[in-house]
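Observations on the model geometry
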Amino acid sequence: MVEPVDTEPRRVLLVTHTGRDLAVEVARQTHRLLTAAGIVVRLVGAEAAELDLHPAEIADDADQAAQDVELIIVLGGDGSILRGAELARPHGTPVLGVNLGHVGFLAEAEVEDLERIVEVVVDRSYTVEERMTLAVDVFVGDDLIFDTWALNEASVEKAAREKMLEVLVEVDGRPLSRWGCDGVVLATPTGSTAYAFSAGGPIVWPDVEAILLVPLSAHALFSRPIVVAPNSQLTVELVAAWHGRGVLWCDGRRMVEVPPGARIQVRRGKTPVRLARAHEAPFTDRLVAKFDLPVLGWRGAAEHRRKRSAQEET
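The text that follows walks through the structure, step by step, so that each part is easy to find. Keep in mind that this is a model prediction, so the values were computed, not measured.

**Examining the pairing of strand E10 (residues 153-158)**
- With 5 bridges connecting them, E10 and strand E13 (residues 183-187) associate as antiparallel partners. Along E13, the bridge assignment pairs Glu153 with Ala187.
- In this structure, E10 lies alongside strand E17 (residues 246-250), joined through 5 bridges in antiparallel fashion. Looking at the pairing, Val156 lines up with Leu248 of E17.

See below:
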C-alpha cells in the first residue's frame, strides 16, 4: 500500500522591525531565500504593506498569525523578539531571532549569519528550548483588575518622577521587607540579562528555573537582589498610606497603572515560550560574546593537559 504524500506546504511567519531600513532589506533577503526553498512566508497584516513582499500569505488577525506555522523568524532587536513571543506563545510556535539591534540576548544569530540560519530552517536542523514565563495578576482588594504574562520581567515602577513608591514585598505569603524605592523588577532567568541586569541583579543561566526580585534604588539597608524557587509566589503591595501611584510594565510592552493599595502577584506561568536554537554554543560563550568579556589568556583544559603531558615526558 502506498502511503499518502503530505502536500501541505511548510510555512514560516516573518516578523520584522519595519521602522528600520536594514530590517526591511534583510526581510526581503530572507523572503527570497525561504521562497526559493519552497517555504511559504506569512506576514502580519500591519507589516505586509510596508514590506511589499510577493508571494506571501497575509495574516490580518495578528493573534492568529502564528497558527499552523512551523517557526517564527524575527528580524530586529530584543523588543521585536518579545513581540514575536507574544504572537507565538498561545500556539506553542518556536521563535528564532536574528539580531539587528545592540546586544540582542534573545536573538539566536547575527544578521551576518542569515544565509546559514535559513539553511538551518530549511533543513529543520534547529533545536527548540522552553523558557519559563511569569504569570502576573493585579488585585485591588479582592478584585482582579489586570492579568498578563512576561518572558523577561514584570517591573513595578513609580508613576511620578518626583515621588518614590513605598512597597511591601511578600514571598509565599510571608512578609519580606518594606522599601521606599523607584520600583521593583521581578524577572525570569531569561530576563536576568535585561532590565534586572541593568538594575544590579545577577545573571542566571537560562536552564536554571527561578524567579528574581531586584529593588530599584531602594532606601533601605536590606535591598539586595534575591532569587527564589520557581514555584514561589512573589507579591508587591503598594502601601496604601503612602499615596504613591505606580505603573506595571511587562516586557516593556504591556502596561497598566496601579493605585495605592494594589497588590501585584507574580508566579511561574503555565505556558512557556519556545525559542529555536541554531547553535550548540553554551550560554557561557554567548555571554562572553554579547558583553565582549575579557578572556584573553584562557587556554582551556585540553591545553593544560598537553602542557602537563609535555612536562611529564621531559
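**Looking at the nonpolar core**
- Ranked by size, the top nonpolar core spans 30 residues in total, and within it Val167, Leu248 and Ile264 carry the most contacts.
- Element by element, the count of residues in this core is highest for strand E11 (residues 165-171), at 4 residues.
- In this structure, Leu248 is in contact with Val136, Val138, Phe146, Ala154, Ser155, Val156, Arg254, Met255, Val256, Val258 and Ile264, ignoring residues within four places of it in sequence.
- Counting residues in hydrophobic clusters, the runner-up holds 29 residues, among them Ala48, Val98, Ile117 and Val120.

**Concerning the sheet that holds E10**
- What the 6 strands build is an open sheet, ordered E15-E14-E13-E10-E17-E18; its pairing is antiparallel. Looking at the sheet topology across the chains shown, the edges are occupied by strand E15 (226-228) and strand E18 (254-258). The average undirected angle you get between the axes of adjacent strands in this sheet is 15°.

**Considering helix H3 (residues 78-88)**
- Restricting attention to buried positions, one finds in H3 the residues Ser80, Ile81, Leu82, Gly84, Ala85, Leu87 and Ala88.
- Among the structural elements, strand E1 (11-16), strand E2 (40-44), strand E4 (71-76), strand E5 (95-99), strand E9 (143-150) and strand E20 (273-277) are those in contact with the buried residues of H3.

**Some details on the environment of Asp63**
- With respect to the helices and strands, the residue Asp63 is situated in the loop between strand E3 (57-59) and E4.
- For Asp63, a relative accessible area of 56% corresponds to the exposed category.
- Measuring from C-alpha to C-alpha, the distance between Asp63 and Glu86 comes to 8.5 Å, with 23 residues separating the pair along the chain.

**Observations regarding the sheet that holds E9**
- The sheet built from 6 strands is open, its strands ordered E9-E8-E19-E16-E11-E12 with antiparallel pairing. The open sheet has two edge strands with one neighbour each: E9 and strand E12 (174-181). The mean inter-strand angle of the sheet, taken between neighbouring strand axes irrespective of direction, is 20°.
- Strand direction decides the pairing type here: strand E8 (residues 134-140) and E9, joined by 7 bridges, are antiparallel. Looking across to E9, one finds that Val140 is bridged to Asp143.

**A look at the environment of Ala262**
- Looking at the element boundaries, Ala262 is found in the loop between E18 and strand E19 (263-268).
- Residues Ala262 and Arg245 lie 17 residues apart in sequence; the distance between their C-alpha atoms is 9.2 Å.
- With residues near it in sequence (within four places) discarded, Ala262 still touches Val138, Phe139, Val140, Val236, Glu237 and Leu238.

What counts and how
- In every chain, residue numbers begin from 1 and rise along the written sequence.
- Predicted model: local features are reported for residues with pLDDT of at least 70 only, side-chain atom pairs are reported and counted for 80 or more only, and whole-chain, interface and lining totals are derived from all residues.
- The basis for the side-chain values is all heavy atoms of the structure; hydrogens and waters are excluded.
- In this description, strands pair whenever DSSP reports at least two bridges between them.
- Runs of H or I in DSSP of at least four residues are treated as helices and runs of E of at least two as strands, each being numbered from the N terminus.
- Think of a nonpolar core as a cluster: buried Ala, Val, Leu, Ile, Met, Phe, Trp, Tyr and Cys residues, connected wherever their side-chain atoms sit within 4.5 Å.
- Burial here depends on accessible area, computed with a 1.4 Å probe over protein chains only, as a share of the maximum for the residue type. Under 20% is buried, over 50% is exposed, and the range in between is partly exposed.
- Two residues qualify as a contact provided that any one of their heavy atoms is within 4.5 Å of a heavy atom in the partner residue.
- Lines are fitted to the C-alpha atoms to define the axes, a helix being fitted only along its stretch in contact, and any angle between axes, read from their N-to-C directions, falls within 0 to 180 degrees.

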